[in-house]
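Architecture at a glance
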Amino acid sequence: MARLFVSDVHLDADAPQATEQFLDFLASHAASAEALYILGDLFEAWVGDDDQDEQKQRVCAGLKSLDRRGVACFALHGNRDFLLGAGFSARSGCRLLSDPVVAQFDGERVLLTHGDALCTDDHAYQELRSLVRTSAWQRRFLALPRSHRELLADEARAGSRRHTARTVPYIMDVNEAAVAAALRAARVRRVIHGHTHRPGVHDLELDGAPAQRIVLGAWYEQGSYLSYERGRYELRELPR
Ligand code: MN
């Protein structure tokens, strides 16, 4: 049975087609898999586990039915949904993993990460990231009324769009030295990540031996996932 990986689904009330496609994916491809790994940014925004959005509830229910079928579901935080917490886990049956995390697939240790921490050339973003990932900031934010949190999240997304529009593309890709450092620190030769929306398989050389970086695609225009089975990784597209 296959292990499946997705990231950057960016589910949002404004993108109902993506939600339907992701629910289809859960009920078909994922339902016959051994495990599903969501490597961050499942949701376009998540302002706390008290989120009542109907689309998000349906996605959680879809994940929960996978869990009931015996498909193990794991999720990492992305930069959009880093506030997914115990309430989300309970509702969806997804186990939240810390980012980065090392998994073992048929004896091989593989690094799983959302990927935003590898984009070290984007100094402005890294500064913001280190602030909002502190428990003090998160406690203060989650104590605000939900309507305030939603307003602030909308503002943050607009700010992120402005930042993205005026930042040269390479700055928003991973930094090669950061990738090498992450592989060395985890003592692995393969990393799987998302975030950059540049799906592909990159063969690298690290300290004189082969290594590999697999990048998952985003779900804005179509679905996309990575399948691992019997030693083979394959990126697949799901046309919409
Ligand atoms: Mn991301």
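Use the structure listed above.
Every chain is numbered on its own, with residues counted from 1 as its sequence reads. Given that this is a predicted model, residues contribute local features only at a pLDDT of at least 70 and side-chain atom pairs are listed and counted only at 80 or more, while totals for whole chains, interfaces and linings are drawn from all residues. Just so you know, side-chain values use all the structure's heavy atoms and leave hydrogens and water out.

Within this scheme, the nonpolar core is defined by two criteria: the residues are buried Ala, Val, Leu, Ile, Met, Phe, Trp, Tyr or Cys, and they are joined through side-chain atoms within 4.5 Å. Type-normalised accessible area, obtained with a 1.4 Å probe on protein chains alone, sets the label of each residue: buried when under 20%, exposed when over 50%, and partly exposed for intermediate values. If you look at the biggest cluster of nonpolar residues, it comprises 38 residues, and the most contacted ones within it are Phe22, Phe25, Leu36, Leu42 and Phe88. Elements represented by at least two residues in this core include exactly β1 (3-6), α1 (16-27), β2 (35-39), α2 (54-69), β3 (72-76) and α5 (135-142). No other element matches the 5 residues that α1 contributes to this core. What Phe25 contacts, discounting residues up to four positions off in sequence, is Leu4, Val6, Ala30, Leu36, Trp219, Tyr225 and Leu238. The next biggest cluster of nonpolar side chains, apart from the first, holds 18 residues, and it includes Val101, Phe105, Val110 and Leu112. Put simply, DSSP H or I for four residues or longer makes a helix, DSSP E for two residues or longer makes a strand, and each gets a number counted from the N terminus. We call two residues contacting when some pair of their heavy atoms lies within 4.5 Å.

Further remarks concern the pattern of salt bridges. Every case where a carboxyl oxygen of Asp or Glu lies within 4 Å of a side-chain nitrogen of Lys or Arg is listed as a salt bridge. Across all of its chains, the model carries 17 salt bridges by this definition. Here Glu44 ties to Arg157 by a salt bridge, and the two come within 3.6 Å at their closest N and O atoms. In this pair, Glu44 sits in the loop between β2 and α2 while Arg157 sits in helix α6 (residues 146-165), placing the two residues 113 residues apart along the sequence. For Asp154, the salt bridge identified is with Arg157, shortest N-O distance 3.7 Å. Note that Asp154 and Arg157 are positioned in helix α6 at a spacing of 3 residues, about one turn of the helix. By relative accessible area, which is 16% here, Arg157 ends up buried. Salt bridges here are not isolated pairs; linked through shared partners, they connect Asp12, Glu44, Arg80, Asp154 and Arg157.

Here the focus is the sheet that holds strand β8 (residues 200-206). The pairing of strands in a sheet happens through backbone hydrogen bonds and is either parallel or antiparallel. Only strands joined by at least two bridges in the DSSP assignment are considered to pair. Sheet architecture is open: 5 strands sit in the order β5-β6-β7-β9-β8, paired in mixed fashion. Lying at the two open borders of the sheet, with one neighbouring strand each, are β5 (101-105) and β8. In this sheet, neighbouring strand axes are inclined to one another by 25° on average, regardless of whether the strands run parallel or antiparallel. Two strands pair when backbone bridges link them, and strand β7 (residues 190-193) and strand β9 (residues 209-215) are joined in this way by 4 bridges, in the parallel orientation. Looking at the pairing, Ile192 lines up with Ile214 of β9. For helices, the fitted axis covers only the stretch in contact; all axes are lines through C-alpha atoms, and the angles between them, taken along N-to-C directions, range from 0 to 180 degrees. Strand contacts of helix α7 (residues 176-186): β5, β6 (108-113), β7, β8 and β9, with the helix running at about 70° to β8, the strand carrying the most contacts.

Here we come to the coordination of the manganese ion. When four donors bind a metal tetrahedrally, each ideal donor-metal-donor angle is 109.5 degrees, and when six bind octahedrally, the ideal angles are 90 or 180 degrees. Each protein donor to the manganese ion is listed here as Asp41 (OD), Asn79 (OD1), His114 (NE2) and His195 (ND1); together their distances run 2.1 to 2.3 Å. Summarised as a motif, the one-chain spacing of the donors to the manganese ion is D-x37-N-x34-H-x80-H. Here Asp41, found in the loop between β2 and α2, pairs with His114, found in the loop between β6 and α4 (123-132); they are 73 residues apart in sequence, far enough to count as distant. A residue is classified by how much of its surface remains accessible, and Asp41, at 1% relative accessible area, is buried. Residue His114 is classed as buried on the basis of its relative accessible area of 0%. The donor definition counts N, O and S atoms within 2.8 Å of each metal and applies 3.2 Å to Na, K and Ca; water is not among these atoms, so some sites may look incomplete.

Glancing now at the packing of aromatic side chains. Put simply, two rings from Phe, Tyr or Trp (the six-membered ring, in Trp's case) pair if the centres are within 6.5 Å, and we call them stacked under 30 degrees between planes, edge-to-face over 60, tilted for the rest. In total, this model carries 15 aromatic pairs according to the counting rule given. Seen in terms of ring centroids, Phe5 and Tyr37 are 5.0 Å apart; in terms of plane orientation they differ by 15°. Their pairing is stacked. Within this pair, whereas Phe5 is found in strand β1, its partner Tyr37 is found in strand β2, the two being separated by 32 residues in sequence. In this structure, Phe5 and Tyr37 share a single accessibility class: buried. Ring geometry for Trp46 and Phe88: centres 5.7 Å apart, planes at 75°, overall edge-to-face. Taken together, the residues span a long stretch of sequence, with Trp46 in the loop between β2 and α2 and Phe88 in helix α3 (residues 86-92) at a distance of 42 residues. A residue is classified by how much of its surface remains accessible, and Phe88, at 0% relative accessible area, is buried.

An α-helical turn contains 3.6 residues, so any two residues separated by three or four positions project in the same direction. Residues of α4 that are buried include every one of Tyr125, Gln126, Arg129 and Val132, and no others. The buried residues of α4 occupy an angular sector of 135° when the element is viewed end-on, so they sit on one face. Those residues of α4 that are exposed and aimed more than 90 degrees away from the buried face are His123, Ala124 and Glu127. The reported arc concerns the directions from the helix axis to the C-beta atoms and nothing else.

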